Every structure is written in C-alpha cells, then in structure tokens.
Amino acid sequence: MAEQDKVILHGMWASPYAKRVELALNFKGIPYEYVEEDLRNKSELLLKYNPVHKKVPVLVHNGKAIAESMVILEYIDETWKDGPKLLPSDSYRRAQARFWSSFIQDQLMEASFLVVKTDGEAQQKAVEQVYEKLNVVEDGMKSYLAERNASTESNFGIVEIVFCALFGPYKAHEEVLGMKFIVPEKFPLLFSWLMAIVEVEAVKKATPPHEKTVGILQLFRQSALKSSAAA
Amino acid sequence: MASESSEVRLLGKWASPFSNRVDLALKLKGVPYKYSEEDLANKSEDLLKYNPVHKKVPVLVHNGNPLPESLVIVEYIDETWKNNPLLPQDPYERALARFWAKTLDDKILPAIWNACWSDEKGREKAVEEALEALEILQEALKEKRFFGGENIGLVDIAANFIGYWVAILQEIAGLELLTIEKFPKLYKWSQEFANHPVIKDGLPPRDELFAFFKASAKK
C-alpha cells in the first residue's frame, strides 16, 4: 500500500453501522481520520460522498468514497492485506460469514431497536421476537464457531464485528431497559462469545464512555415512547 | 478448488428472480448442476434440511455443503469457479459492484415491487419512488454496455429483476416504469441483458412468467 494512505471515516458515534467500520479499522491497525456527522445536519461532504443513501458510514480512501458498512468491511479486508483478516480465506467459510452477518443485521437490528422504542405488552412481544432470532444465531454459531480453524481464520471477523456493534453496549442496555438481550441462561454460547469479544483491544478502543451510551439510549427511548404516545 | 466431479445442486423456484440469479451465475460459468423445483407451499425435506434458518429458495448445495441467500451464493460461485469473473479485480471497483448489488436489494427492487402491487391509495407515491430508484440505477450504468462493463457482472445478475421481470409486472399493473422514453440507457441495457446468449437461455419463458404473475394479481 502507498506510504501516504489517507483514510477518513464519516461516522456517528452511536451508530452501530459506523461502529462496524471503526472496529475493522482498529483491528487492522489502520490509521484514520474520523469525522463526526450530525445526522440532523449532514455535511456537504457526506452528501457528496453518499448521494444515493445520504448515510453514515462512508469511508474515503485516497479520495475514493465507499458507502454501506458491509461493503466497506470487505473493501478494507481486500485493500490492507497484511495482518489479521476480517473474512475467512476459505470460500465456503467466507460465504457462511457473509450469511451470518446479513442474518444478524436483517433479523436482529430492527427487532432490538423495537425493544428500546416500546414498553409494556408491545415491548414484551418485541423481546420475544428478539429471543426467537437469537435462538437461531445461538444454534448457528455452535457449528460456525466450532468449525473455525484457528490457524487460518482470525477469531475477530465480520460476524463478530456485526454482533458486537449491536450487542456490545450490553451494560447500557441493561441500565436503560432493565433487561439483557444476551441472557446467559438462554444463550450460553452467545454470552461467552460476547464477553470475549468486548475484551478485544480493537473493541475497547471503540467503546464510548458508559454514561454517554446510557444517555443516548435513554434519549432514543424517551423520544420514541413520547411520539408513539402522541400518535 | 472445483473439480470435475464436484456435485452442484440448486433448490429453486422457476418464477423467482432470486433463484434465477443463481441459475444465471452457474450458466455463465458453465457449471453443470442439478435443479430441483421447490413448491413453497409444500417444502421438500431437502429444503428444510439445507435451509433450516429461512426455509427459502434459492439454496445452493455444493458437495453437500448448503448455502442460502442469492447474492452470497453468486459471490461464492464467482470465487469457486474462476472463469468468466463476475467481479472486477480492483478492490474499489469490487466495492462499487457490491454497493450496487446491495442497493438493488435494499432500495431499488422493493420500490419497483411496491409500485407494481400498490393499491389506488398508495399508487402515486409508490410510482414516484420506483421512478426515482430507476433513475439512480440508470446513473450507475453510465455509458457502459453492462454494469459489469463489456461483460455481464454481479450487478447485472443482481438486476435481473429490472432486466426482465419489470417489463412483465408493469404491464400487468398497467404502469409505465421502465420505458425507452423515460430511461433510454437502462431500457437499452435491459434489451442487451435479456438477449445475451447465455442469459437468454437462463431466463424463465416470458409467457409463463406473465401468466404466473397475472394469476397472483387476481388473488
């Protein structure tokens, strides 16, 4: 790679999508400049770099812009070839990694946001939905993680990244919601996996202060409850 | 490495563009495979075994190893059989291709689908969004013959719904979405796509597809 690699990440500190890219860059040891976007007042640059979706994250590498977090992760892995890989080198394992990352994203993201945005019976229903999907992941990870060959595959890849970006803030979830998503008794494998993931250096570096995360989660929850009460 | 004796099976649904993507990728690579038609109202043991998570098609089974999700399968096919590459070599170009494939699934296809199935009430807005989506897609094509350049690539395959299904669905819905007047470049692409020698053989017959969706529209 060129000596003067300029890498800029446009993100938002509380966005799980942007977090994925932070985690990847940290894990690969890639130096980058970070631009915090105010999502209510997006920068000219962001709109120029991602005219189709107008969203974070966007990675700008030597002036070239890449949008969509999963696309960015693959780009990072293919461009910085030294050091640990984010995707397995075996093509079947790689396909499985892509499948599980997609699954967690598609089935658990909105579902867990719903838990934050609701209360009472609606919340209980939302929690059941999340648990149902987590059961599938618990089962899936049994084989996916067991079949991992430690000598050819890193233990922190795109599946870990996607899972961590969503469920990493478990302490804040517990404080604000009074409940856990990754209940140890229900999901023993996911629980021990998550506990190991949050100890990874790249993750610790990207973890904001607890009070800050609690604050934004509370804000998100209060404003959602208020607008549904007013509806 | 794929050997001559590797066994490839596809569990699919003939009318599904997602299932069709896998047919197209396998045919473009010249990979022999066994196809099983799935009745989604009466799922086979094989489907339940090979895709316990989603119980959906398509599922590719290669040497006994199952894989669901059409775009995951297409990338797997591209990496396993290296002739006629579907993705470019350069990481940035690859990122662009993946971006458009994802945008097709997340934004463009749903917008078109909604417009074609919308009721009176939501029609105007749905059509507006569909036209916006087609505009975005046309811009991505630029002056190229295919999204993949001179040859069919990942994005062309991912856009099979636009290249072939839309013409049929819009006719049934009585809408004019993808027309030569509105989107000359994209329209031209759809003709090139549907007439490409390998693709042509891989697409379901137009009349049958029309009849199938017309029947669904009546329900």
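Treat the numbers as computed from the prediction; the structure is a model and nothing was measured.

Asker: Go over the pattern of salt bridges with me, naming the residues and quoting the values.
Answerer: Once their charged atoms are close, side chains differing in charge can pair, the charge on each being opposite to the other. One pass over the structure, following the stated rule, counts 30 salt bridges over all chains. In this structure, the salt-bridge partner of Lys-28 of chain A is Asp-77 of chain A, at a minimum N-O distance of 2.8 Å. With a gap of 49 residues between them, Lys-28 of chain A in helix α1 (residues 16-28) and Asp-77 of chain A in helix α3 (residues 69-79) connect regions that are remote in the sequence. Judged by relative accessible area, Lys-28 of chain A falls into the buried class, the value being 10%. The shortest N-O distance in the salt bridge between Glu-79 of chain B and Arg-98 of chain A comes to 3.1 Å. Highlighted residues: Glu-79 of chain B in helix α3 (residues 70-80) and Arg-98 of chain A in helix α4 (residues 91-117), drawn from two different chains. A cluster of three or more residues bridged by salt bridges with shared partners is formed by Glu-74, Glu-78, Arg-94 and Arg-98 of chain A together with Glu-75, Glu-79, Arg-94 and Arg-98 of chain B.

Asker: Which residues make up the side chain of Thr-103 of chain B, and what values go with them?
Answerer: If you trace the backbone, Thr-103 of chain B turns up in helix α4 (residues 91-117). A residue is classified by how much of its surface remains accessible, and Thr-103 of chain B, at 1% relative accessible area, is buried. Polar contacts involving the side chain of Thr-103 of chain B include one to the side chain of His-53 of chain A, which spans 2.9 Å. Residues in contact with Thr-103 of chain B, not counting those within four places in the same chain, are Val-52 and His-53 of chain A together with Ile-108 of chain B.

Asker: Describe the UniProt feature "domain: GST C-terminal" (unreviewed entry) in chain A, with residues and values.
Answerer: In the numbering adopted here, UniProt assigns the feature "domain: GST C-terminal" (unreviewed entry) to residues 90-225 of chain A. Across residues 90-225 of chain A, the secondary structure splits into 76% helix and 0% strand, with the terminal C-alpha atoms separated by 46 Å.

Asker: Just give me the short version of the environment of Arg-21 of chain B, but keep the residues and values in it.
Answerer: Residues and elements named next belong to chain B. In this structure, Arg-21 sits in helix α1 (residues 17-29). Sequence-distant contacts of Arg-21, defined by excluding residues within four places in its chain, comprise Ser-70, Leu-71, Val-74, Asp-105, Leu-109, Ile-157, Ala-158 and Asn-160. At 2.8 Å, the side chain of Arg-21 forms a polar contact with the side chain of Asp-105. A polar contact of 2.8 Å, which involves the side chain of Arg-21, links it to the backbone oxygen of Ala-158.

About the thresholds
Residues numbered from 1 in each chain as written. Chains lettered and ligands numbered in written order. Predicted model: local features only at pLDDT ≥ 70, side-chain atom pairs only at ≥ 80, totals over all residues. Heavy atoms only, no water. Salt bridge = Lys/Arg side-chain N within 4 Å of Asp/Glu carboxyl O. Helix = DSSP H or I, 4+ residues; strand = E, 2+ residues; numbered from the N terminus. Buried < 20%, exposed > 50% of the residue type's maximum accessible area, 1.4 Å probe, protein only. Polar contact = N/O pair within 3.5 Å; in protein donor to acceptor, adjacent residues only side chain to side chain. Contact = heavy atoms within 4.5 Å. UniProt positions renumbered as here; feature names shortened; annotations may be inferred.

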